[in-house]
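# Close look at the chain arrangement
The chain contents come next:
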Amino acid sequence: MPTALITGASRGLGEHIARALAPTHDLLLGGRPSAELDALAIELEGASTFAVELTDYDEVEAAAEAISSLDVLVHNAGIASSLETVEMTPVDEWRRLLEVNLIAAAELTRVLLPALRAASGHLVFINSGAGRRANAGWAPYAASKFGLKALADALRLEEPTLRVTSIFPGRIDTEMQQDIVAIEGREYRPENFLKPSTVAAAVAHAVLTPADASPEEIVLRPTGR
Ligand SMILES: NC(=O)c1ccc[n+]([C@@H]2O[C@H](COP(=O)([O-])OP(=O)(O)OC[C@H]3O[C@@H](n4cnc5c(N)ncnc54)[C@H](OP(=O)(O)O)[C@@H]3O)[C@@H](O)[C@H]2O)c1
């Protein structure tokens, strides 16, 4: 079976992507070390963990050394911002968002490029609606996701043997969204948001697209149905 590494697979969208790819791929489940990550690796046949803090670049490089060939890399790990205005956003918040959402993805890509080239692999970047349009209060998060699109676009041109897909989902029913809605002071209604299983199905569809086509961008907006 081909091998897929999914970052942020311990919960939320990443866990659903792991479940969607499990029937067709041997999985490497990314996430910081946790009981949840270990339990998922036991539950999904053919899965093992890639348990690293993605901003610890020595740890990331050491973990990547064990991977000589990689068919699929899903960059899913990410964090949300504090929803402050630019005026209220301190430098550390900018650094935190750009580090996890953008720089860590660039570095993980860099250290895994030889393994991806060896398999003529496929990179999937979980972007966001915020990576296409920035709203008030979302500057650091949107900037990190606009940057992630730039990373994907440049990589697609630099590495013509690889497929590179950016997926732009609207709001998804996950813990991240619960935290955002709490900060916004609104009532949480799961039915207003995309199901993580639906977004995961789109990821699997992109990955399983026959090799004569490259699915470059997928935009998903909630219908409220
Ligand atoms: N939820 C939404 O509405 C929404 C909408 C559009 C796009 N997205 C994007 O979808 C992706 C997944 O979001 P989600 O809603 O599933 O978030 P989530 O429920 O908060 O899960 C985030 C995942 O990322 C991992 N992670 C975060 N920081 C990490 C770090 N420094 N090192 C290693 N792993 C780290 C977490 O691992 P730990 O368990 O170790 O913390 C967790 O597995 C993100 O890129 C997000 O921007 C989300």
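Residues numbered from 1 in each chain as written. Predicted model: local features only at pLDDT ≥ 70, side-chain atom pairs only at ≥ 80, totals over all residues. Heavy atoms only, no water.

This paragraph deals with the overall build of the protein. Counting its secondary structure elements, the protein contains seven helices and seven strands. Ordered by position from N to C terminus, the α and β elements of the protein give β-α-β-α-β-α-β-α-β-α-β-α-α-β. Its C-alpha atoms give the protein a radius of gyration of 17 Å, near enough to 17 Å, the size a compact globule of 225 residues would have. Considered along the principal axes of its C-alpha atoms, the protein spans approximately 45 × 35 × 35 Å. Within the protein, the fraction of its 225 residues that count as buried is 46%. Contacts in the protein between residues far apart in sequence, at least 24 positions, make up 63% of those at least 6 positions apart. Accessible area of the protein: about 11,000 Å², with a carbon and sulfur share of 53%. Charged side chains of the protein number 19 positive and 31 negative; the gap between the two group centres comes to 9 Å. (Helix = DSSP H or I, 4+ residues; strand = E, 2+ residues; numbered from the N terminus. Rg over C-alpha atoms; globule rule 2.2 N^0.38 Å. Buried < 20%, exposed > 50% of the residue type's maximum accessible area, 1.4 Å probe, protein only. Contact = heavy atoms within 4.5 Å. Areas by Shrake-Rupley, 256 points an atom, 1.4 Å probe, with all protein chains shown as cover. Lys, Arg positive; Asp, Glu negative; His and termini not counted. Charge placed at Lys NZ, Arg CZ, Asp CG, Glu CD.)

Right, let's talk about the pairing of strand β3 (residues 47–51) for a bit. Where strand β2 (residues 26–31) meets β3, five bridges bridge the pair, whose relative direction is parallel. If you follow leucine 29 over to β3, its bridge partner there is threonine 49. With helix α2 (residues 35–43) bridging β2 and the parallel β3, this β-α-β connection has right-handed handedness. (Pairing = 2+ DSSP bridges. Right-handed = clockwise from strand over helix to strand, strands pointing away.)

Moving on, we come to helix α6 (residues 175–184). Looking only at α6, the buried set comprises Gln177, Ile180 and Val181. The buried side chains of α6 occupy one side of the element, clustering within an arc of 95° when seen end-on. Opposite its buried face, α6 presents the exposed residues Ala182 and Ile183, each directed more than 90 degrees away. Phi turns positive, to about 70°, at glycine 185, one or two residues after α6. (Arc of directions from axis to C-beta.)

Within soluble globular proteins, side chains that are nonpolar generally end up buried alongside one another. Of all hydrophobic cores here, the largest spans 29 residues; its most connected members are Ile17, Leu21, Leu27, Leu29 and Val74. At the level of secondary structure, the elements contributing two or more residues to this core comprise β1 (3–6), α1 (12–21), β2, α2, β4 (72–75), β5 (122–126) and α7 (196–208). It is α7 that contributes the most residues to this core, six residues altogether. In this structure, Phe50, Leu102, Ala115 and Leu116 belong to the second largest nonpolar core, which totals 27 residues. (Core = buried A, V, L, I, M, F, W, Y, C linked by side-chain atoms within 4.5 Å.)

The next thing to look at is a negative patch on the surface. Together, Asp56, Asp58, Glu61 and Glu65 line one region of the surface with negative charge. Tracing the sequence through the fold places glutamate 65 in the loop between α3 (57–64) and β4. In this structure glutamate 65 comes out as exposed when scored by relative accessible area, which is 66%. (Patch = residues over 30% accessible without salt bridge, like charges linked within 9 Å, V, L, I, M, F, W, Y side chains within 5 Å. Salt bridge = Lys/Arg side-chain N within 4 Å of Asp/Glu carboxyl O.)

The next point concerns the site of the ligand. Around the ligand, the structure places 27 residues, and the nearest of them are Ser10, Arg32, Tyr141, Thr174 and Gln177. At a separation of 3.1 Å, a nitrogen atom of the ligand approaches a polar backbone atom of leucine 54. One nitrogen or oxygen atom from the side chain of glutamine 177 is found 2.7 Å from an oxygen atom belonging to the ligand. Alone, the ligand offers 890 Å² of accessible surface; in the complex the protein occludes 94% of this. Elements with a minimum of two residues in the shell around the ligand: α1, α5 (139–158) and α6. Its residues assigned to classes, the shell around the ligand comprises 12 nonpolar, 10 polar and five charged. (Near = heavy atom within 4 Å. Polar contact = N/O pair within 3.5 Å; in protein donor to acceptor, adjacent residues only side chain to side chain. Nonpolar A, V, L, I, M, F, W, Y, C, P; charged D, E, K, R; others polar.)

Moving on, we come to the sheet that holds β3. The seven strands lie next to each other as β3-β2-β1-β4-β5-β6-β7, forming an open sheet whose pairing is parallel. A strand with exactly one partner marks an edge of an open sheet, and here the two such strands are β3 and β7 (217–220). Across the sheet, the mean angle separating the axes of adjacent strands is 15° when strand polarity is ignored. When β5 meets strand β6 (residues 163–169), the two strands line up parallel, connected through five bridges. (Axes fitted to C-alpha atoms, helices over the stretch in contact; angles between N-to-C directions.)

Note that every value here comes from positions in space, so none of it alone points to a role or purpose.
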